[in-house]
Amino acid sequence: MECGINNLILSILFACFVSVIIWHEKNNGIWYSPFSAISIPIVIITLLTNVFAPIINFEIVSSQVIMINSWAFLCFYIGGCIIRQNKIHPVKRRIIEIPRLKINHIHFIKFFFSVIILVAIFQLKAVLQNRSIFELEDQEYAQGGLAAHMGNFIIIILIVLIINLKYNILRIGKWMTVALIIVCLGLKLASAIKAEFLLPIICGIFISIYIGAIKLNLKNIILTVSCFVALFIGMALVFNIKEEGDTLTYSIGYFIFYLICGEVGFSEYLRYHPNLVNEQIEFVTVFFNNVINTILGTGKAHLYTDYAVTSWIQVTNRVNLLEFKTNVYSLIGEVYINTGWVIGSIFMFLLGLYSYYIRGIAKRDIFLLVNYAYLFGCLSLSFFSSSYILLPSFVYVQCACIFLSFINKTKFS
């Protein structure tokens, strides 16, 4: 096992490296950047893991993973630099003007949102039959077909509703807005997948800070983190406790596991497979391959997991009474494990370029801002898995936001 002190020192240097880039961005008027979204969670998790993991009998994040993450961040940042130099004129603090939050065709948008919510509710009712929402299995709802597509729009609706709490862009009362937010969150909860529920919350928190509805200070950070932890542990209790012998201790352990499994899973995978030799470019291009195959009528559709390494890795050591295993290794881990150094680095470069482009156009229209909030949330959760970026839902939401932005700018009566 690697020396814990050396790993901790490298973790601190890793944090300093990321902090310098973020400080440089802020000095240039770049606030709430994609680099912050993808890097800060990983830095915090790496530091906390390498300090506390030995105490609670979890494995640590290795020096090899820290070095790969640093290189991936650099590729991501360089991609963003190209866009910043050519497309973005930095503006300090909020880059969105209040008039830009206007919805022009408000009656059409409200009707469209209402239809989406009603269809999703009836779809859920048909799946539930006489059961409660907590009795659903993972594959029953929002895993494909109509419900999955409704779920993509539900995230957009949730973000717009959160903006509506501050600026009433939909011209509905606050209590109605709150009620609709609860309904939409319930629809996401029905998926029985924590990310389906947590992603819109993270997007909502970001957009609230971005438009000035929530002040970014220590008090609000502590409150938000505390609510997030309590919510996650509560969900673990509801969805993951199967036997009477399981207790709150297991749920707390499960929360820790979920938080660190991506980075520690990546680390443990590299312990047994230290060389990044796979070069499955289809891992990151599968969606576009499927589109081409559908248009040409050749071949069958694939999931990105068809080209992925999915070995189960234990992230607790043998002393731990709770045994947790994972087959996810964070976005960076899964990209480099499955595509190798060259393709992985190109992917991170292009992801950075695209992310900063989306940030650059966010100020033009409310739905482009919603799109950036969604992208920011996906990048923030990339410490866990690549699914937030590589699943078709990522592309669908981007396309839906662009479509709604086009409608919002179109002049028709």
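Rules used in this analysis
- Residues numbered from 1 in each chain as written.
- Predicted model: local features only at pLDDT ≥ 70, side-chain atom pairs only at ≥ 80, totals over all residues.
- Heavy atoms only, no water.
- Helix = DSSP H or I, 4+ residues; strand = E, 2+ residues; numbered from the N terminus.
- Buried < 20%, exposed > 50% of the residue type's maximum accessible area, 1.4 Å probe, protein only.
- Contact = heavy atoms within 4.5 Å.
- Areas by Shrake-Rupley, 256 points an atom, 1.4 Å probe, with all protein chains shown as cover.
- Axes fitted to C-alpha atoms, helices over the stretch in contact; angles between N-to-C directions.
- Parallel < 35°, antiparallel > 145°, perpendicular 65-115°, else oblique.
- Left-handed = near helix turned anticlockwise from the far one by under 90°.
- Nonpolar A, V, L, I, M, F, W, Y, C, P; charged D, E, K, R; others polar.
- Salt bridge = Lys/Arg side-chain N within 4 Å of Asp/Glu carboxyl O.
- Phe/Tyr/Trp six-rings, centres within 6.5 Å; stacked < 30°, edge-to-face > 60°.
- Lys NZ or Arg CZ within 6 Å of the ring centre and 35° of its normal.

1. Structural notes on the overall build of the chain
Scanning the chain from terminus to terminus reveals 14 helices and two strands. Looking at the 413 residues of the chain, the share that counts as buried comes to 51%. Sequence separation of 24 or more characterises 76% of the internal contacts of the chain that already satisfy a separation of 6 or more. In the form shown here, the chain has an accessible surface area of approximately 20,100 Å², with 65% of it arising from carbon and sulfur atoms.

2. So, the packing of helix H12 (residues 366–380) against helix H14 (residues 392–409)
At a minimum axis separation of 7 Å, H12 and H14 run at an interaxial angle of 165°. Here H12 is positioned roughly antiparallel relative to H14, judged by the angle of their axes. The hand of the H12/H14 crossing is left-handed. Of the residues in H14, those in contact with Ile-366, Phe-367, Leu-368, Val-370, Asn-371, Tyr-374, Leu-375 and Cys-378 of H12 are Ser-393, Phe-394, Val-397, Gln-398, Cys-401, Leu-404, Ser-405, Asn-408 and Lys-409. In the contact of H12 with H14, the residues fall into 11 nonpolar, five polar and one charged.

3. Describing the pattern of salt bridges
For the structure shown, the criterion picks out two salt bridges. Measuring nitrogen to oxygen at the nearest pair gives 3.5 Å for the salt bridge that ties Glu-59 to Arg-271. Of the two residues, Glu-59 sits in the loop between helix H2 (34–56) and helix H3 (63–86) while Arg-271 sits in helix H9 (residues 248–272), which places them 212 residues apart along the sequence. By relative accessible area, Arg-271 is classed as partly exposed at 43%. The salt bridge involving Arg-271 is made with Glu-268; its shortest N-O contact spans 3.3 Å. Of this pair, Arg-271 and Glu-268 are both found in helix H9, three residues apart, which corresponds to roughly one turn of the helix. Three or more residues are tied together by salt bridges with common partners; here these are Glu-59, Glu-268 and Arg-271.

4. Focus: the environment of Lys-102
For Lys-102, the position within the fold is in the loop between H3 and helix H4 (106–128). For the pair Lys-102 and Phe-367, spaced 265 residues apart in sequence, the C-alpha separation works out to 9.8 Å. Excluding residues within four positions of it along the chain, Lys-102 makes contact with Ile-366 and Asn-408.

5. Description of unusual backbone geometry
Phi at Asn-168 is positive, roughly 50°, even though this residue is not glycine. Here Asn-168 shows up in the loop between helix H5 (145–167) and helix H6 (174–189). Positive phi outside glycine occurs at Ser-330, with the angle close to 75°. Locating Ser-330 in the fold gives a position in helix H11 (residues 330–361). Residue Ser-330 is classed as buried on the basis of its relative accessible area of 0%.

6. Quick look at the packing of aromatic side chains
Across all of its chains, the model carries 23 aromatic pairs by this definition. Ring centres of Phe-58 and Phe-324 lie 6.2 Å apart, and the angle between their planes is 10°; on these two criteria the pair is classed as stacked. Of the two residues, Phe-58 is situated in the loop between H2 and H3 and Phe-324 in the loop between strand E1 (313–314) and strand E2 (325–326); the sequence distance between them amounts to 266 residues. Overall, the relative accessible area of 5% leaves Phe-58 in the buried class. The exposure class assigned to Phe-324 is buried, which follows from its relative accessible area of 4%. One aromatic cluster in this structure is built from Tyr-32, Phe-206, Tyr-210, Tyr-372 and Phe-376. Against the face of Tyr-32 rests Lys-26, its NZ or CZ located 5.8 Å from the ring centre.

7. Some thoughts on the side chain of Glu-268
By relative accessible area, which is 4% here, Glu-268 ends up buried. Once residues lying within four places of it in the same chain are set aside, the contact partners of Glu-268 are Glu-59, Ile-313 and Gln-314.

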